[in-house]
Amino acid sequence: MKAFILAAGFGTRLEPYTRKVPKPLFTLGSQPIIAHAIESLSAAGCTEIIINTHHLHNTISRFLDSYKSDVDITIVYEPVILDTGGAIANVKEYLGDVPFFVVNADVLSNIDLARVYQYHINSKKLATLVLHHYEPFNKVGVASDNNITGFNSTGNALAFTGVQILSPEIFDHFPEEHIFSSITVYKALCRQKQVIAYIDNNIFWSDIGTPDSYIKTSMQHLCARYFHLPLSGIHDIKFCSLAGDGSDRQWYRASYDNKSVIVASHDICLPGTDNDLECRAFIKIGQHLNGKSLNIPKICRFDRLSGIVLVEDLGDLLLQSQVLKSPETIPELYRKVIDHLISFSQVGATNFNPEWTCQTAQYDRQLILDKECRYFIEAFVNGYLGQHTSYDKYKPEFEQIADQALTDAVSGLMHRDMQSRNIMLKNGTPWFVDFQSARTGPIQYDLASLLIDPYVDLDDALKASLLNYAMACLHITKQTARIKFARSYTACCLTRNLQALGAYGYLTAVK
């Protein structure tokens, strides 16, 4: 049994991403979608597969050369795109004299290909097209005997899945020109009742032709694997959108059979782009912290290119909500948070690789000046307040603040956004989320984020008490050491507020 995979197209609906990565190499579960097609065909009994290429053909060839498979794969490069019919005619010599599959390289489905093949043999038709009900693409007309009547129908129409089986005799009906659509041939053969439909409305089918459909398909595929479901079970997974944070990420809860997982969507992450670096940091840092048994949600599964990451579902209770609901629990609760914050800093710093970070490897002077002080001037003072203030006017003061924050810092792994909406409570224990900005830096900054958190209004006496508690836990008991620690903490409070005002100004004025 042989098959032909169409993989030559430009993927124009996925631009600009396909200018760097060809659509057949877009990944699902970290595996290129063309590999999923090869595996499906192999499972159905195919022993030889021909693949045509054109756009970024060298990239596809390099992958296929390294791809290990039980089937023989032949790559046919098209110097000029030949359209679907021309592409099939171009590989006639490889297909022999038995019926063969033709499939698209951008589709994920659970179509029973072996059953379709037998259906085609029994039909004795020149072409069998697999159809299903899919409202946006329902254009293929079908008669009561399953013969296809046309390709632009409005009544009793179904959608073409892109999966087809052709008998070798169909080449006798191909035109002499080199570039033509296979649909043109099928239209003529329909009048002879030589094109039949194999209809299956119970399949899972999804193409990755647009950014939205690619991200959705990746999310569905990863969740099915997480819940140990076949593709047919995807329809039983429920997805619920969740309120996000200040970034462009989208969040969902996927649920199946009393189990759930949280989905973080970073958008498509081309290698080297900002969202790719953030997604990588989220995954790598998360895996590192998981390995240290720290209280962060487990990284369950991910696909880097689609930017989909599945993480453990910790529930819905934020520290902010608990404080507002039960203020009498604040002192004890915050001491628990500080205990885990210190573990995060000290244990998390062990064997931490700075190459995992995004933006900068550590919380240093330049980061403070650029990402907090300058951000404050540009996004809040000028962008939100409408002023025309020069950063350089206050540069000496900003440099003094930065130096004070770092001079007496107690360095460890810094979360960098340790506020009450990034701390969740599960069975009364605090867990930290949104850890992708972690890097080495002063523990004082995370304490500042926690204690001057704008979402929770802690009174000054409690803040002082909790700061003293943190110093005691860190065994900072001498008065001189306490003064130095507090000096760095005060400066970190300033830098934290500058960053927060910049962020809120940007979110309000721009986002």
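Up top is the structure these notes are about.
Residues numbered from 1 in each chain as written. Predicted model: local features only at pLDDT ≥ 70, side-chain atom pairs only at ≥ 80, totals over all residues. Heavy atoms only, no water.

Asks: I keep staring at the packing of helix α10 (residues 330–349) against helix α14 (residues 460–473) and nothing clicks. Help me out?
Replies: A packed helix pair is summarised by two numbers, namely the angle formed by the two axes and the spacing between the axes. Here α10 crosses α14 at 35°, and the two axes come no closer than 10 Å. Crossing of α10 over α14 shows right-handed handedness. Facing α10, whose interface residues are I330, P331, Y334, R335, I338, D339 and I342, α14 presents L462, L466, Y469, A470 and C473. Broken down by class, the residue content of the contact of α10 with α14 amounts to 10 nonpolar, no polar and two charged. (Axes fitted to C-alpha atoms, helices over the stretch in contact; angles between N-to-C directions. Helix = DSSP H or I, 4+ residues; strand = E, 2+ residues; numbered from the N terminus. Left-handed = near helix turned anticlockwise from the far one by under 90°. Contact = heavy atoms within 4.5 Å. Nonpolar A, V, L, I, M, F, W, Y, C, P; charged D, E, K, R; others polar.)

Asks: Just to check I follow, could you spell out the layout of surface pockets for this structure?
Replies: The method is simple in principle: a probe with the dimensions of a water molecule rolls over the atoms, and the space it marks as empty is what remains. Estimated volume of the second largest pocket: approximately 1,000 Å³. Taken together, 34 residues line the second largest pocket, and the ones lying closest to its centre are L6, K23, T84, N104 and D106. Broken down by element, the lining of the second largest pocket gets its largest block of residues, four residues, from strand β11 (residues 157–166). For the lining of the second largest pocket, the class distribution of residues is 16 nonpolar, 11 polar and seven charged. (1 Å grid on protein atoms, 1.4 Å probe; cavity = no way out; pocket = protein on both sides within 12 Å on 5 of 7 lines; lining within 4 Å. Points joined across faces, edges and corners; volume = space filled by probe spheres on them.)

Asks: Looking at this structure, I do not really get the sheet that holds strand β15 (residues 250–256). What am I missing?
Replies: Consider a sheet: its strands pair through backbone hydrogen bonds, and that pairing is either parallel or antiparallel. Ordered in space as β14-β15-β16-β18-β17, the five strands form an open sheet in which the pairing is antiparallel. Either end of the sheet is taken by a strand with one partner, and the two such strands are β14 (238–242) and β17 (299–303). This sheet shows a mean twist of 25° between the axes of neighbouring strands, independent of strand direction. Relative to strand β16 (residues 259–265), β15 runs antiparallel, the two sharing seven bridges. Each residue of the ladder has a partner; that of S255, found in β16, is S260. The strands touched by helix α7 (residues 211–226) are β14, β15, β16, β17 and β18 (308–311); relative to β17, the strand with the most contacts, the crossing angle is about 145°. Set on the sheet, helix α8 (residues 274–291) makes contact with β15, β16, β17 and β18; between it and β17 the angle comes to about 155°. (Pairing = 2+ DSSP bridges.)

Asks: Even after reading the chapter, I still don't get the pattern of salt bridges, so can you show me in this structure?
Replies: Pairs can form between side chains of opposite charge whenever their charged atoms are close. Applying the stated criterion across every chain yields a total of 16 salt bridges. Across the salt bridge formed by K426 and E312, the nearest N and O atoms sit 3.3 Å from each other. Linking K426 in strand β20 (residues 423–426) with E312 in the loop between β18 and α9 (319–325), this pair joins segments that are 114 residues apart in sequence. What makes K426 partly exposed here is its relative accessible area of 29%. Assessed through its relative accessible area of 23%, E312 is described here as partly exposed. A cluster of three or more residues bridged by salt bridges with shared partners is formed by R249, E278 and D434. (Salt bridge = Lys/Arg side-chain N within 4 Å of Asp/Glu carboxyl O. Buried < 20%, exposed > 50% of the residue type's maximum accessible area, 1.4 Å probe, protein only.)

Asks: Please clarify how the packing of α10 against helix α13 (residues 443–451) should be interpreted in this entry.
Replies: It is at 11 Å that the axes of α10 and α13 come closest, and there the two elements cross at 155°. Classified by the angle their axes make, α10 and α13 are roughly antiparallel. For the pair α10 and α13, the crossing hand works out as right-handed. In this structure, α10 uses Y334, V337, I338, L341, I342 and S345 to contact α13, whose residues at the interface are I443, D446, L447, L450 and L451. Partitioning the contact of α10 with α13 into residue classes produces nine nonpolar, one polar and one charged. (Parallel < 35°, antiparallel > 145°, perpendicular 65-115°, else oblique.)

Asks: Even after reading the chapter, I still don't get the side chain of R439, so can you show me in this structure?
Replies: If you trace the backbone, R439 turns up in strand β22 (residues 439–442). Here R439 is buried and forms no salt bridge, its nearest opposite-charge partner D364 lying at an N-O distance of 7.3 Å. Of the polar contacts made by the side chain of R439, one reaches the side chain of T360; its length is 2.7 Å. (Lys, Arg positive; Asp, Glu negative; His and termini not counted. Polar contact = N/O pair within 3.5 Å; in protein donor to acceptor, adjacent residues only side chain to side chain.)

Asks: Could you clarify how one ought to interpret the packing of aromatic side chains in this entry?
Replies: Each aromatic ring pair is characterised by the separation of its centres together with the angle its planes make. Evaluated as defined, the whole model comprises 23 aromatic pairs. Note on Y226 and F227: the rings are 5.1 Å apart at their centroids and 70° apart in plane angle, and the pair reads as edge-to-face. Centroid distance W251 to F282: 6.4 Å. Interplanar angle 75°. Geometry classified as edge-to-face. Taken together, the residues span a long stretch of sequence, with W251 in strand β15 and F282 in helix α8 at a distance of 31 residues. The buried category is assigned to W251, whose relative accessible area is 14%. Since its relative accessible area comes to 2%, F282 is described here as buried. Among the aromatic residues, those joined into a ring-pair cluster are F100, F171, F174 and F180. (Phe/Tyr/Trp six-rings, centres within 6.5 Å; stacked < 30°, edge-to-face > 60°.)

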